[in-house]
Structures are given as C-alpha cells and as structure tokens.
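The residues making up each chain are set out below.
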Amino acid sequence: MGHTAQNAVRAGTLAGGTGPVVVGILNVTPDSFSDGGDFLDPEAAAVHAAAMLDEGAGILDLGGESTRPGSEPVSQEEEIQRVIPVIERILAARPEAVISVDTYRAGTAAAAIEAGARIINDVTALRGDPSMASAVKEAARPVILMHMQGEPKTMQREPHYEDVVREVRDFLARRSEYAVAAGIRPENVIVDPGIGFGKNLEHNLALLQNLDAIVDLGFPVLIGASRKTFIGRITSVQEARERVFGTVATTVLAYERGAAFFRVHDVRANREALAVAEAVLDTLRR
Ligand code: HH2
C-alpha cells in the first residue's frame, strides 16, 4: 500500500470510516477571514455543524479564536465561552460527531475534551502553552501539530525561508519528537505544514508541490488551504467564500501526494472531489 492509501486508512479510522477525511471548519468567532460572525450564535453554529456532517464531514473543527493574518488573541475564558456551548449542542443532537477543537490553550483543550471533543488542533504545535503537551497526553487524544513562522498578528509581513520545504519538514519532525517524548502516543500525532501561516504564494506552492517530504515523516498529514489568500491571488477571486473551486484543486492535489485530512469550509464540494480522486487512484493501484 502506498503512502496515500496508508494515511487515508489511518485518518479514516480516526473519523470512524476508511478513506480520506474532510474536516469541516466551524469558526465561532466574530472575525475569522471567511466566515467570521456567521456562527457566533450557538444555534446557528449547531445548524451549520449538522449540515456539514450531512454533507460528509468526518470531523468538525471548532475554533473560538481567529488566527487569520493580523488577528488579535482572545482570553481563554472568552474562547471557552464561545466553543463549549457549541460542542454541547452539536453532541446533544449528533452524539456520534467527531469534534476537534482548534486551540493552543491547555485550559480550553481540557474543557473541550470534558465536553466531548476528541481531537486537539494546535496551530502552535504545542509551543503556545507549556501545559498543552501534558493536557493532550492526559486526554490520550489525537493532536494536530501545525507549522507556523512567527505569530498571526505579524506572520504575513515578510515570511522568509532558505528552503521552505526542508524547514517545515524539520520543524514538524522536531515537534513530533517533542510530543512523543512528552508521552503522546505516535499514532495520535497528525502533522500539518500550515498553509498561509507565515508563508507567501511561492512558499505555499512549494509545500503543496513537495508534500511527499512531509508525508515521509510517517504521520498522517492535514492540509488547510480552504479559501486562503494564495488561492485568491492565483484565481483573482477577491471574496474568500467564493474560492471553492481553487480550494478543491488543492484538496485533490494534496490527496494524490498523500495528505489524509482536508480542513475545509465547503464540505460537499471537497467530499465529492475526493470521492472521484479516490476512485481514480484506486483504479491505478489495481
Ligand atoms: N488554518 C486556519 C485555522 N486553523 N488549523 C490547522 N491545523 N491548519 C490550518 O491550515 C488552519 C488551522 C485558518 O483558517 P480559518 O479557520 O478559516 O480562519 P480563522 O483563523 O480566521 O478563523
């Protein structure tokens, strides 16, 4: 079995299925770059969550703080107040839903796990909060370790790399070693090159093109390219929520290169594209 199939099977197991996994984005924030303010009301968030599950999301990723370029952090209390009622509402209606919480704070992670979340998505790769590694270890849950150069407020000012693919790969290798040394089981580690986090257009393209270097680390890979600025630069689509076609191209190309999780806003479009990509690649493998 090749990397693509192997990683898809491992990813599928986490989401209760067998193939590549669509991770539906639910930002419970007033200021996220493409859906800010849409789902601040827990009822609206739960309705959107149910729609994404019906469209084929294997995981829902809930965030209570925007990390878009230029964004300001919120307090842990505020983050918890935004996210927990939504987790509770979703699970009351859909107890089988696999929920991931997009946070770098151990307190938020612990509260979300307590409320029924099953995965931690840490955009700082366990660097943001010294207690996060032990919180993840205690919870014995999968964790997504993402690469970011700088911090959201300033990261897009002048991102610079000698060799972006090597540096991102080496960073993810170091952070996964750190996670395992802290007692997190290797099978609970997922890595993510962090598309758009301290990266310009060329950096994002180099990472997507050479994704096999990240896949070779041996952990399932998550890609979060959905509606991001670099897609708008290529397609000249200014409105973030209209960048779905460009997003689908990243999903298919990343899947072919071995990514297993696809964090997207538009679940149905990406799910259908993945189904076709899977069918074609399966035919090639036979
Ligand atoms: N991108 C965003 C947020 N969290 N997590 C992972 N693992 N990978 C990503 O690429 C990623 C992420 C940014 O996108 P979005 O949630 O749509 O916007 P915002 O940060 O403005 O809420």
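Treat the numbers as computed from the prediction; the structure is a model and nothing was measured.

Asker: What should I look at first to understand the pairing of strand β5 (residues 143–146) in this one?
Answerer: Side-chain direction in a regular strand flips from residue to residue, so the side chains alternate between the two faces of the sheet. Where burial is concerned, the two faces of β5 agree: the one with Val143 and Leu145 and the one with Ile144 and Met146 are both buried. Of the strand pairs in this sheet, strand β4 (residues 119–122) and β5 are connected by 3 bridges, and their pairing is parallel. Residue pairing for β5: Asn121 is matched across the bridge by Ile144. In this fold, the crossover linking β4 to β5 by way of helix α5 (residues 132–139) has right-handed handedness.

Asker: What is the right way to look at the packing of aromatic side chains in this model?
Answerer: Two measures describe an aromatic ring pair: the distance that separates the ring centres and the angle between the ring planes. In this structure the tally under the stated criterion is 1 aromatic pair. Aromatic side chains Tyr255 and Phe262 sit 6.3 Å apart centroid to centroid with 70 degrees between the ring planes, which places their arrangement in the edge-to-face category. For Arg175, the ring lying beneath its charged end belongs to Tyr178, and the centroid distance is 4.3 Å.

Asker: Is there a simple way to explain the site of the ligand in this structure?
Answerer: Of all residues adjacent to the ligand, which total 18 residues, the nearest are Ser32, Ser66, Thr67, Asp192 and Lys228. Contact between the ligand and Arg263: an oxygen atom at 2.8 Å from a side-chain N or O atom of the residue. The side chain of His265 places a nitrogen or oxygen atom 2.9 Å from an oxygen atom of the ligand. In isolation the ligand exposes 480 Å². Once the protein is present, 99% of that is buried. Class assignment of the residues belonging to the shell around the ligand gives a composition of 6 nonpolar, 7 polar and 5 charged.

Asker: Just checking my understanding: could you explain the pattern of salt bridges for this structure?
Answerer: Working definition: two side chains of opposite charge can pair if their charged atoms are close together. Per the stated rule, a full pass over the model turns up 17 salt bridges. Here Asp61 ties to Arg263 by a salt bridge, and the two come within 2.8 Å at their closest N and O atoms. Pair noted here: Asp61 is in strand β2 (residues 59–63) and Arg263 is in strand β8 (residues 261–264), with a separation of 202 residues, a long-range link. Its relative accessible area of 15% is what places Arg263 among the buried residues. When the shortest N-O distance is used, the salt bridge between Arg268 and Glu272 registers 2.7 Å. Taken together, the residues Arg268 and Glu272, both in helix α11 (residues 267–285) and 4 residues apart, mark about one turn of the helix.

Asker: What's the story with the sheet that holds strand β3 (residues 99–102) in this structure? I'm lost.
Answerer: The strands making up a sheet associate through hydrogen bonds between their backbones, and the pairing can be parallel or antiparallel. The strand order across the open sheet formed by 8 strands is β6-β5-β4-β3-β2-β1-β8-β7, and the pairing between neighbours is parallel. Edge positions in the open sheet fall to β6 (189–192) and β7 (222–223), since each of these has one partner strand only. In this sheet, β8 lies alongside strand β1 (residues 21–27) in parallel orientation, the contact comprising 4 bridges. Note on β8: the bridge partner recorded for Gly24 is Val264.

Asker: Just to check I follow, could you spell out the packing of helix α6 (residues 164–181) against helix α7 (residues 201–209) for this structure?
Answerer: How two helices sit against one another is set out by the angle between their axes and by the gap between those axes. For the pair α6 and α7, interaxial distance at closest approach is 9 Å and the crossing angle is 65 degrees. Considering the angle they form, α6 stands roughly perpendicular to α7. Relative to α7, the crossing made by α6 is right-handed. Here Val164, Val165 and Val168 of α6 lie close against α7, whose contacting residues are His203, Ala206 and Leu207.

Asker: I would appreciate a short explanation of the packing of helix α2 (residues 42–54) against helix α3 (residues 76–93) in the present structure.
Answerer: The interhelical angle for the contact between α2 and α3, taken along N-to-C directions, is 45 degrees, at an axis separation of 9 Å. On the basis of their axis angle, the class for α2 and α3 is oblique. As for the relative orientation of α2 and α3, their crossing is right-handed in sense. Along its contact with α2, which presents Pro42, Glu43, Ala45, Ala46 and Ala49, the element α3 presents Pro85, Val86, Arg89 and Ile90. In the contact of α2 with α3, the residues fall into 7 nonpolar, no polar and 2 charged.

Cut-off values and rules
Residues numbered from 1 in each chain as written. Predicted model: local features only at pLDDT ≥ 70, side-chain atom pairs only at ≥ 80, totals over all residues. Heavy atoms only, no water. Buried < 20%, exposed > 50% of the residue type's maximum accessible area, 1.4 Å probe, protein only. Helix = DSSP H or I, 4+ residues; strand = E, 2+ residues; numbered from the N terminus. Pairing = 2+ DSSP bridges. Right-handed = clockwise from strand over helix to strand, strands pointing away. Phe/Tyr/Trp six-rings, centres within 6.5 Å; stacked < 30°, edge-to-face > 60°. Lys NZ or Arg CZ within 6 Å of the ring centre and 35° of its normal. Near = heavy atom within 4 Å. Polar contact = N/O pair within 3.5 Å; in protein donor to acceptor, adjacent residues only side chain to side chain. Areas by Shrake-Rupley, 256 points an atom, 1.4 Å probe, with all protein chains shown as cover. Nonpolar A, V, L, I, M, F, W, Y, C, P; charged D, E, K, R; others polar. Salt bridge = Lys/Arg side-chain N within 4 Å of Asp/Glu carboxyl O. Axes fitted to C-alpha atoms, helices over the stretch in contact; angles between N-to-C directions. Parallel < 35°, antiparallel > 145°, perpendicular 65-115°, else oblique. Left-handed = near helix turned anticlockwise from the far one by under 90°. Contact = heavy atoms within 4.5 Å.

By themselves, these are just geometric observations and shouldn't be taken as functional.
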